[in-house]
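Summary of structural features
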Amino acid sequence: MKRPIAAVIGTGRGIPLTVMTNHDFAAIGIETSHEWIVERSGIVERHIAQDGETTCSMAATAARAAMEKASVQAGQLDAIILSTATADRLLPSTAVDLQAELGASRAAAFDIGAACSGWLYAMTVAEGMIATGVAETILVVGSEKMSSIIDWKDRATCVLFGDGAGAVILQRAKTGKGILSSFMRSDGQLANLLYRPAGGAAIPMSAQVLEERTHLVKMAGREVFKHAVRSMSEAADRALDIARLTGADIDLMIPHQANVRIIEATAKHSSIPMDKVYVNVDRFGNTSSASIPIAIDEAMEKGVIREGSTVLMVAFGAGFTWASMIIRF
Ligand SMILES: CC(C)(COP(=O)(O)OP(=O)(O)OC[C@H]1O[C@@H](n2cnc3c(N)ncnc32)[C@H](O)[C@@H]1OP(=O)(O)O)[C@@H](O)C(=O)NCCC(=O)NCCS
């Protein structure tokens with residue numbers, strides 16, 4: 001096992017106050033039921049950002065909490081890496097808005113786009129920056145306002161997502177704690193199974209795009225489900241192999257929170273019992289790249305992650321992208 005190069009020294013989350021339950025879909029004309037949503041996804045409720053709550057503002061709340069726990073001032077940050085599929089503006093990055101909001105004047109700030117796997121990608125990039133001496137202290141955030149890109153008329157997708165942000169401070173490791181292994185993969189051949197067809201540079205926003213709603217998320221749910229289970233299982237295996245650990249060495253597994261059935265299948269594959277798997281998809285829905293850092297912060301707060309805990313994280317998302325990481329806390 002390698003000696004950790006980078007360690008998590010603080011965590012935080014930024015969650016909109018407004019909760020939307022499965023029963024609230026009736027009020028917006030969606031033909032669904034609480035039972036259908038729970039049975040297929042495990043989701044009971046999700047938080048939805050209101051006017052004025054942005055990807056940057058949720059990220060800032062998460063970042064401030066993480067910085068406070070880490071006793072790190074904004075001026076000490078060498079970099080801010082923000083993973084998001086819902087940038088507040090397409091230019092510039094949301095990371096620079098966050099930098100301005102925090103007053104982190106010394107930081108290099110940039111966004112990473114790898115959909116739901118984005119935060120693990122961002123962590124791996126951050127670890128590399130610490131390894132090469134480019135940075136010592138990095139804020140790594142996942143922040144998503146999924147409610148701004150889902151089609152609120154498509155019952156097959158709108159019931160699955162939620163908004164929120166999670167953040168950690170990553171710093172050069174001084175002890176045996178920190179990132180033990182990481183793994184990332186992508187397959188762009190499968191991009192059109194989960195995507196926003198229009199609204200970018202190739203097919204810019206137009207009256208037709210708005211009319212046809214092609215700027216919103218389209219998903220082939222069944223196909224995505226199959227790939228998610230296969231890829232997250234592979235990612236879990238690879239992170240364990242690289243760290244020379246087995247499922248028995250893992251104190252807690254934090255999978256991307258998309259769907260409880262995907263989570264159960266992935267845990268089973270790695271022979272990790274469900275009582276060692278962190279699940280909060282019932283309360284948040286799928287918050288894309290924010291889901292793992294939100295779960296880490298909750299697990300720390302509840303004492304589920306303790307000093308010395310070995311935690312396996314696995315994610316899968318649009319692209320497709322998939323990734324994993326093992327951290328000793
Ligand atoms: C989306 C998902 C929950 C749908 O479950 P499923 O068992 O595959 O269901 P299907 O898409 O085959 O649809 C079954 C039926 O339910 C209906 N349905 C879809 N959404 C519904 C809803 N919200 N409420 C009620 N019925 C719904 C469909 O119209 C379909 O009806 P039909 O058979 O009459 O055509 C499931 O495929 C899934 O979780 N996929 C992965 C999605 C995901 O996690 N994406 C993010 C990855 S990061």
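Keep in mind it's a predicted model, so treat the numbers as computed, not measured. (Residues numbered from 1 in each chain as written. Predicted model: local features only at pLDDT ≥ 70, side-chain atom pairs only at ≥ 80, totals over all residues.)

1. Remarks on the nonpolar core
One finds Ala-59, Ala-63, Ile-80, Leu-98 and Val-140 to be the most contacted residues of the largest nonpolar core, which totals 108 residues. In this structure, this core is formed jointly by two domains, domain 1 (6-175) and domain 2 (180-328), each of which donates at least three residues. With residues near it in sequence (within four places) discarded, Ile-80 still touches Ala-95, Leu-98, Gln-99, Ala-104, Ala-107, Ala-109 and Leu-139. (Core = buried A, V, L, I, M, F, W, Y, C linked by C-beta atoms within 7 Å. Buried ≥ 20, exposed ≤ 12 C-beta atoms within 10 Å, placed from the backbone. Domains from an automatic or database assignment. Contact = placed C-beta atoms within 7 Å.)

2. Notes on the sheet that holds strand S6 (residues 137-145)
Strand order in the open sheet formed by five strands is S1-S7-S6-S4-S5, and the pairing between neighbours is mixed. Two strands close off the open sheet at either side, each with one partner strand: strand S1 (6-14) and strand S5 (108-112). For this sheet, the mean inter-axis angle between neighbouring strands, taken without regard to orientation, is 20°. As defined by bridge partners, S1 adjoins strand S7 (residues 163-172) across eight bridges and the pair is classed as antiparallel. Its bridge partner being in S7, Gly-10 is matched across the sheet by Ile-169. Helix H10 (residues 291-301) rests against S1, S6 and S7 of the sheet, and its axis sits at about 75° to S7. (Pairing = 2+ DSSP bridges. Helix = DSSP H or I, 4+ residues; strand = E, 2+ residues; numbered from the N terminus. Axes fitted to C-alpha atoms, helices over the stretch in contact; angles between N-to-C directions.)

3. Side note on the site of the ligand
Taken together, 20 residues are adjacent to the ligand, and Thr-32, Arg-40, Gly-221, Phe-225 and Ala-258 come closest. At the level of secondary structure, the elements contributing two or more residues to the shell around the ligand comprise helix H1 (34-41), helix H5 (155-158), helix H7 (221-243) and strand S12 (310-317). For the shell around the ligand, the element with the highest residue contribution is H7, accounting for five residues. When grouped by side-chain class, the residues that make up the shell around the ligand number eleven nonpolar, six polar and three charged. Taken domain by domain, the makeup of the shell around the ligand includes at least three residues from each of domain 1 (6-175) and domain 2 (180-328). (Near = placed C-beta within 6 Å. Nonpolar A, V, L, I, M, F, W, Y, C, P; charged D, E, K, R; others polar.)

4. Focus on the environment of Asp-151
By the secondary structure assignment, Asp-151 is in the loop between S6 and H5. For the pair Asp-151 and Thr-18, spaced 133 residues apart in sequence, the C-alpha separation works out to 19 Å. Setting aside its immediate chain neighbours within four residues, Asp-151 contacts Thr-157, Cys-158, Arg-213, Leu-216 and Val-217.

5. Here's the deal with the domain arrangement of the protein chain
What the domain assignment lists for the protein chain is domain 1 (6-175) and domain 2 (180-328). For domain 1 and domain 2, the distance between their C-alpha centroids amounts to 14 Å. Taken together, the contact pairs 43 residues of domain 1 with 40 residues of domain 2. When residues of the side of domain 1 that touches domain 2 are traced back to their parent elements, those giving at least two are S1, strand S3 (45-47), helix H4 (118-131), S6, H5 and S7. Element by element, the count of residues in the side of domain 1 that touches domain 2 is highest for H4, at seven residues. The residue inventory of the side of domain 1 that touches domain 2, partitioned by class, reads 20 nonpolar, 16 polar and seven charged.

6. Observations regarding the packing of H7 against helix H8 (residues 260-269)
For the pair H7 and H8, interaxial distance at closest approach is 9 Å and the crossing angle is 35°. Note that H7 runs across H8; the crossing there is right-handed. For the pair H7 and H8, the contacting residues are Phe-225, Ala-228, Val-229, Met-232, Ser-233 and Ala-236 in the first and Ile-262, Ala-265, Thr-266 and His-269 in the second. Classifying every residue of the contact of H7 with H8 by side-chain character gives seven nonpolar, three polar and no charged. (Left-handed = near helix turned anticlockwise from the far one by under 90°.)

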